[in-house]
Amino acid sequence: MQRPRSRWVSADWADLPGWELDATTELWPALLRGCDKPPPEWARVCSDARTLPPASDASARAWLRQRLQPWRVESPEGSAEGLITGYFEPLVEARRVPGGAFRFALYGPPADLATRKPYWTRQQIDTQRPAQASLQGRAFAYVADPLDALILQIQGSGRLNLTEVNGRRSLVRVAFAGHNDLPYKSVGKWLIEQGQLRAEQASWPAIKTWARANPQRVNEMLWSNPRFVFFREEPLPDPGLGPRGAQNVPLTPGRSIAVDAQSVPYGTPVWLDTTEPLSNTPLRRLVMAQDTGSAITGAVRADYFWGWGEVAEQQAGRMKQPLRMWVLWPKN
């Protein structure tokens, strides 16, 4: 089965490493959310999925085997080997008004964003008055560390522990609302090119450590990435749900991934065969393709959503593992 950026090769269930060991019932909330915006081919399967949740992992696997067919994902050239990275939803302290260390602004989209392409670079926004004038009145929150603002922009969304003007605290979400139409450049790659980190060291925790040790060069590092992201503030009525991904459904920690939609359509279950960062223990589980990202391109490529909090940040920041993947697609 040919896709614009991949080919799918028919496979057997026995080809999926660890298939019988997955806690497959954990997939069901993510599967049902994906069925809120299903691909056309999934209408009948999604209708069946809503009738009765499976009682056990074994019955969930039997249900899937009855309705779906596994396909190995390969590049158009035939390679089944790829890469998986991780992402998370940052949790950041913020203030509604600037003060003290809280002076790094998060901005909503400027009024002229659609008419000026590309928009101002990150460095211009930080240093030039015309760029700053375009953003006048668009700041809605302030964080205490420019790397907190950067990680929100890299991840595309996040949670703010927000202190209001009256001192009241609330938990809100910031969601992606646009960018300046300039390419994303990895600050980790910049540090490698500068000889500041070795390739195997370039994790988010290592980048933060380098920034603390080299405050005089932080702006230089930040400005190496010209892309600047704008946000909208959203309420967070259910803290147990992740942000909405590109499929426009909430992401589920450990059961949602970002993919190249030209390789794997949104709303598709995907079997992962990879390892966890640091421990290299097998990570083999069924997930849903529900998001994408500017760096997630190619056939066998995924970004694993770890959730939020300190552990999620550590795991996502270090994840860069070999990957094989299979999609599950409705039978004819």
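Below or above, wherever it landed, is the structure these notes cover. This one's a predicted model, so the numbers in the text were calculated from it and none came from an experiment.

**Describing the side chain of Arg-122**
Phase 1: In this fold, Arg-122 is placed in helix H4 (residues 122-127).
Phase 2: Salt bridges are absent for the buried Arg-122, whose nearest opposite-charge side chain, Asp-126, sits at 6.0 Å.
Phase 3: Polar side-chain contacts of Arg-122 include one of 2.9 Å to the backbone oxygen of Asn-225.
Phase 4: Apart from the residues lying within four places of it in its own chain, the contact partners of Arg-122 are Leu-150, Gln-153, Asn-180, Leu-222, Trp-223, Asn-225, Pro-226, Arg-227 and Phe-228.

**A look at the environment of Pro-53**
Phase 1: Within the secondary structure layout, Pro-53 lies in the loop between helix H2 (43-49) and helix H3 (57-67).
Phase 2: Since its relative accessible area comes to 54%, Pro-53 is described here as exposed.

**Structural notes on the layout of surface pockets**
Phase 1: In this structure, the second largest pocket occupies an estimated 440 Å³ of space.
Phase 2: As for the second largest pocket, its lining consists of 19 residues, and the residues nearest its centre are Phe-104, Asp-126, Pro-146, Asn-219 and Leu-222.
Phase 3: Those elements giving two or more residues to the lining of the second largest pocket turn out to be strand S6 (104-107), H4, helix H6 (146-155) and helix H9 (218-223).
Phase 4: Of the residues that constitute the lining of the second largest pocket, the class distribution is twelve nonpolar, four polar and three charged.

**Points about the pattern of salt bridges**
Phase 1: Scanning the entire structure with this criterion turns up 20 salt bridges.
Phase 2: Of the charged contacts in the structure, one is a salt bridge between Arg-198 and Glu-200, with a shortest N-O distance of 2.8 Å.
Phase 3: Via salt bridges that share partners, Arg-7, Arg-72 and Glu-74 belong to a single interconnected network.

**Re the nonpolar core**
Phase 1: Ranked by internal contacts, the top residues of the largest apolar core, which has 62 residues, are Met-221, Val-270 and Tyr-304.
Phase 2: When residues of this core are assigned to their parent elements, the largest contribution, six residues, is made by strand S15 (residues 320-330).
Phase 3: Leave out the neighbours within four places in its chain, and Tyr-304 touches Ile-84, Thr-85, Gly-86, Tyr-87, Gly-254, Ser-256, Ile-257, Leu-272, Leu-283, Arg-285, Val-287 and Met-319.
Phase 4: Within the second largest apolar cluster, 14 residues are counted, among which are Val-92, Leu-106, Leu-160 and Val-174.

**Digging into H6**
Phase 1: Within H6, eight of the ten residues are buried, leaving the element largely enclosed by the surrounding structure.
Phase 2: Of the positions making up H6, those classed as buried are Pro-146, Leu-147, Ala-149, Leu-150, Ile-151, Leu-152, Gln-153 and Gln-155.
Phase 3: A positive backbone phi angle near 90° is found at Gly-156, which sits one or two residues after H6.

**Side note on the packing of helix H8 (residues 204-213) against helix H10 (residues 310-318)**
Two quantities define a packed helix pair, namely the angle between the axes and the distance from one axis to the other.
Phase 1: Orientation of H8 relative to H10, taken along the N-to-C sense of each, is 100°, at an axis distance of 7 Å. Judged on the interaxial angle alone, H10 and H8 are roughly perpendicular. Of the residues in H10, those touching H8 at Trp-204, Pro-205 and Lys-208 are Glu-313, Gly-317 and Arg-318.
Phase 2: Split into classes, the residues belonging to the contact of H8 with H10 amount to two nonpolar, one polar and three charged.

**A closer look at unusual backbone geometry**
Phase 1: In the segment running from Lys-117 into Pro-118, the intervening peptide bond is cis, with an omega of -5°.
Phase 2: Note that Pro-118 resides in the loop between S6 and H4.
Phase 3: For Asp-181, which is not glycine, the phi torsion reads 65° and is therefore positive.
Phase 4: Topologically, Asp-181 is positioned in the loop between strand S9 (169-179) and helix H7 (187-193).
Phase 5: In the Ramachandran plot, Asn-280 falls in the positive-phi region, its phi being about 60° despite a non-glycine side chain.
Phase 6: Along the chain, the position of Asn-280 falls in the loop between strand S12 (268-275) and strand S13 (282-291).

**Notes on H3**
Phase 1: When we look at burial in H3, the residues that qualify are Ala-60, Arg-61, Trp-63, Leu-64 and Arg-67. Down the axis of H3, the buried set is contained in an arc of 155°. They therefore lie on one face.
Phase 2: Next to the buried residues of H3 lie helix H1 (28-34), H2, strand S3 (68-74), S13 and S15.

**Considering the environment of Glu-93**
Phase 1: Note that Glu-93 resides in strand S5 (residues 91-95).
Phase 2: What Glu-93 contacts, discounting residues up to four positions off in sequence, is Phe-102, Tyr-142, Val-143, Asn-161 and Arg-169.
Phase 3: A polar atom in the side chain of Glu-93 sits 3.3 Å from the side chain of Asn-161.
Phase 4: A distance of 3.2 Å separates polar atoms of two side chains, one belonging to Glu-93 and the other to Arg-169.

**Some thoughts on the state of the cysteines**
Phase 1: Tallied over the entire structure, the rule returns one disulfide.
Phase 2: Two residues, Cys-35 and Cys-46, share a disulfide whose sulfurs are 2.1 Å apart. Around the S-S axis, the bridge from Cys-35 to Cys-46 shows a dihedral of about -80° and counts as left-handed. Of this pair, Cys-35 sits in the loop between H1 and H2 while Cys-46 is found in helix H2, placing the two residues eleven residues apart along the sequence.

Scoring rules and cut-offs
Residues numbered from 1 in each chain as written. Predicted model: local features only at pLDDT ≥ 70, side-chain atom pairs only at ≥ 80, totals over all residues. Heavy atoms only, no water. Helix = DSSP H or I, 4+ residues; strand = E, 2+ residues; numbered from the N terminus. Buried < 20%, exposed > 50% of the residue type's maximum accessible area, 1.4 Å probe, protein only. Lys, Arg positive; Asp, Glu negative; His and termini not counted. Salt bridge = Lys/Arg side-chain N within 4 Å of Asp/Glu carboxyl O. Polar contact = N/O pair within 3.5 Å; in protein donor to acceptor, adjacent residues only side chain to side chain. Contact = heavy atoms within 4.5 Å. 1 Å grid on protein atoms, 1.4 Å probe; cavity = no way out; pocket = protein on both sides within 12 Å on 5 of 7 lines; lining within 4 Å. Points joined across faces, edges and corners; volume = space filled by probe spheres on them. Nonpolar A, V, L, I, M, F, W, Y, C, P; charged D, E, K, R; others polar. Core = buried A, V, L, I, M, F, W, Y, C linked by side-chain atoms within 4.5 Å. Axes fitted to C-alpha atoms, helices over the stretch in contact; angles between N-to-C directions. Parallel < 35°, antiparallel > 145°, perpendicular 65-115°, else oblique. Arc of directions from axis to C-beta. Disulfide = S-S within 2.5 Å.

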